[in-house]
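# Secondary and tertiary structure notes
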Amino acid sequence: MENKQSSSPASFVDSTVVPGDVVLDLSSMTSQTIKLGGGLRQDCDAISAMKAGTLRFSKPNKYWIESSQKRYVPCVEDTILGIVVDSKADNFLIDIKGPAMGFLPVLAFEGGTRRNIPKFEVGTLLYLRVVKANSGMNPELSCTDASGKAAEFGPLKDGYMFETSTGLSRKLLSSPTCPVLEALGKKLSFEIAVGLNGRVWVNAASPDTIVVVANAIMNSESLSGAQQIIMVDHLLKNIQ
Amino acid sequence: MEEADEMVTPGEVLGKATDLKAGKGAYAASHNNTIYASLTGFRRIQAPPPASNDKRPTVEVTGHKAHGPVPEPGSVVIARVTKVMARTASADIMCVGPKSVREKFTGIIRQQDVRATEIDKVDMHLSFRSGDIVRAVVLSLGDARAYYLSTAKNELGVVSAESSAGATMVPISWTEMQCPLTGQIELRKVAKVVN
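Residues numbered from 1 in each chain as written. Chains lettered and ligands numbered in written order. Predicted model: local features only at pLDDT ≥ 70, side-chain atom pairs only at ≥ 80, totals over all residues. Heavy atoms only, no water.

Where an unreviewed UniProt entry is consulted, chain B appears under the name S1 motif domain-containing protein, with the organism given as Gossypium mustelinum. As recorded by UniProt, the Subcellular location (unreviewed entry) comment attached to chain B reads in full: "Nucleus, Nucleolus". (UniProt positions renumbered as here; feature names shortened; annotations may be inferred.)

An unreviewed UniProt entry lists chain A under the name Ribosomal RNA-processing protein 40, with Gossypium mustelinum as the source organism.

All right, on to the environment of Val131(A) then. Residues and elements named next belong to chain A. As for its position among the elements, Val131 is in strand β11 (residues 125–132). For Val131, a relative accessible area of 26% puts it in the partly exposed group. Along the chain, Val131 and Leu172 lie 41 residues apart, while their C-alpha atoms are 22 Å from each other. What Val131 contacts, discounting residues up to four positions off in sequence, is Val76, Glu140, Leu141 and Ser142. (Helix = DSSP H or I, 4+ residues; strand = E, 2+ residues; numbered from the N terminus. Buried < 20%, exposed > 50% of the residue type's maximum accessible area, 1.4 Å probe, protein only. Contact = heavy atoms within 4.5 Å.)

This brings us to the UniProt feature "domain: Exosome complex exonuclease Rrp40 N-terminal" (unreviewed entry) in chain A. Listed under "domain: Exosome complex exonuclease Rrp40 N-terminal" (unreviewed entry) in the UniProt record, and renumbered for this structure, are residues 34–71 of chain A. Counted over residues 34–71 of chain A, helix gives 0% and strand 55%. Its end C-alpha atoms are 28 Å apart.

This part takes up the sheet that holds strand β7 (residues 62–66) of chain A. Pairing between the strands of a sheet is mediated by backbone hydrogen bonds and can be parallel or antiparallel. All names here are of chain A. Across the sheet, which stays open at both edges, the four strands sit in the order β1-β6-β7-β3 with mixed pairing between neighbours. Of all strands in the sheet, those with a lone pairing partner are β1 (16–17) and β3 (35–36), marking the two edges. For strand β6 (residues 53–58) and β7, the ladder comprises five bridges, and the chain directions are antiparallel. Across the sheet, Leu55 pairs through a bridge with Ile65, a residue of β7. (Pairing = 2+ DSSP bridges.)

Here the focus is the UniProt feature "domain: Exosome complex component N-terminal" (unreviewed entry) in chain B. Per the UniProt entry, the sites bearing "domain: Exosome complex component N-terminal" (unreviewed entry) are residues 7–45 of chain B in this numbering. Taken end to end, residues 7–45 of chain B comprises 0% helix and 54% strand; its first and last C-alpha atoms sit 13 Å apart.

In terms of domains, chain B is made up of domain 1 (6–63) and domain 2 (75–187). Its C-alpha centre places domain 1 of chain B at a distance of 43 Å from the equivalent point of domain 2 of chain B. (Domains from an automatic or database assignment.)

To continue, consider the UniProt feature "domain: K Homology" (unreviewed entry) in chain A. Listed under "domain: K Homology" (unreviewed entry) in the UniProt record, and renumbered for this structure, are residues 159–207 of chain A. The span residues 159–207 of chain A carries 35% helix and 33% strand; its end-to-end C-alpha distance comes to 9 Å.

Residue and element names in this part refer to chain A. Going from Lys59 to Pro60, the amide bond is cis rather than trans, its omega being 0°. Mapping Pro60 onto the fold places it in the loop between β6 and β7. With an omega of 10°, the peptide bond between Ser175 and Pro176 qualifies as cis. For Pro176, the location among the structural elements is in the loop between α1 (166–172) and α2 (179–187). Here Lys97, not a glycine, exhibits a phi torsion of approximately 65°, which is positive. Of note, Lys97 is situated in the loop between β9 (91–95) and β10 (102–105). The class for Lys97 is buried, based on a relative accessible area of 15%.

Right, dumping it as structure tokens:
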């Protein structure tokens with residue numbers, strides 16, 4: 001069987017790869033430092049893919065695999081939406097759609113002391129930041145940013161939460177603004193919180209608006225920019 | 001040495017003192033010249049050594065897991081790390097000194113017992129990973145669930161570890177081990193190799 005190993009990395013960049021594909025051959029790229037992001041694994045001189053997705057490259061030397069799943073793998077400094085499952089003496093147990101429960105320390109709030117520990121009911125939706133995410137350990141979360149300020153983290157009141165894939169969450173958070181959000185924002189007024197773990201929360205003055213926004217976002221996953229704008233116009237025409 | 005026959009419990013009659021000699025786990029009662037078992041285990045009979053004058057075979061009671069080595073405070077143990085958490089690491093004790101244990105003992109290494117200096121800045125994930133083999137000393141019998149172990153000495157710590165690529169890593173310093181296949185350096189609390 002012919003072994004088709006390409007020596008130029010440009011051939012695999014921006015194309016779909018599946019687990020096991022050898023995407024880079026280090027023996028042909030001497031004296032270069034490359035950075036491997038998520039989804040890539042080093043076996044001596046061959047870099048192979050571990051996830052199915054698109055291989056991306058960013059100058060000067062970063063390679064990673066972009067993929068979209070329903071399951072979230074915690075990463076440090078991600079902002080996510082978690083649901084309180086239980087509260088113990090030192091931390092709250094949070095469901096983050098990942099392989100393990102997240103631990104939110106009871107003191108990880110702005111101005112948090114032993115005397116003013118917040119009381120969250122089971123089922124409360126929280127906007128959180130991942131502090132530590134090591135494989136095999138439960139990820140540690142926080143309701144403050146790196147400097148200790150509250151910065152929009154914490155419980156989300158009212159509104160409606162729905163689940164999406166991780167790829168769609170990343171598209172919604174990309175800059176410049178995702179076309180579907182721009183098109184919705186021109187006609188409707190609403191508040192939105194996107195978690196990189198595949199959860200989105202929407203709040204608006206009337207339930208009709210919330211439903212339209214949620215449906216528009218859920219429909220936009222496989223559409224291109226222009227198609228998203230057309231879809232949003234179609235939805236808004238029907239409610240007006 | 002003959003095959004072990006049946007399971008005996010303390011107090012069971014093993015034979016007459018005129019036919020047998022009492023070995024490990026057995027004793028001879030002087031008032032009626034009978035050999036009784038003093039431990040639980042399997043009754044084994046050993047042939048008499050040819051050089052001695054006494055021609056009686058020896059009966060002993062062995063083979064039960066309660067006769068295996070047990071960790072004691074102060075003993076050096078080899079353990080395999082099973083779980084690493086924010087402030088503790090759990091480990092399965094495999095050997096006490098040079099002997100391997102017969103039943104499962106669990107140990108816990110707390111954050112303050114990982115090393116001797118800067119104990120509140122210890123990151124458990126940078127000291128141990130699941131699957132590492134560590135040499136530790138037993139601090140105390142601990143609680144009902146696990147012994148308390150400590151690696152707070154130079155010659156204690158990770159003895160052998162596997163890298164994420166699957167190869168056995170080589171220790172470089174007391175904090176670093178390197179994978180021979182990929183060259184990646186991983187952080188552990190490494191035990192000093194003493195020859």
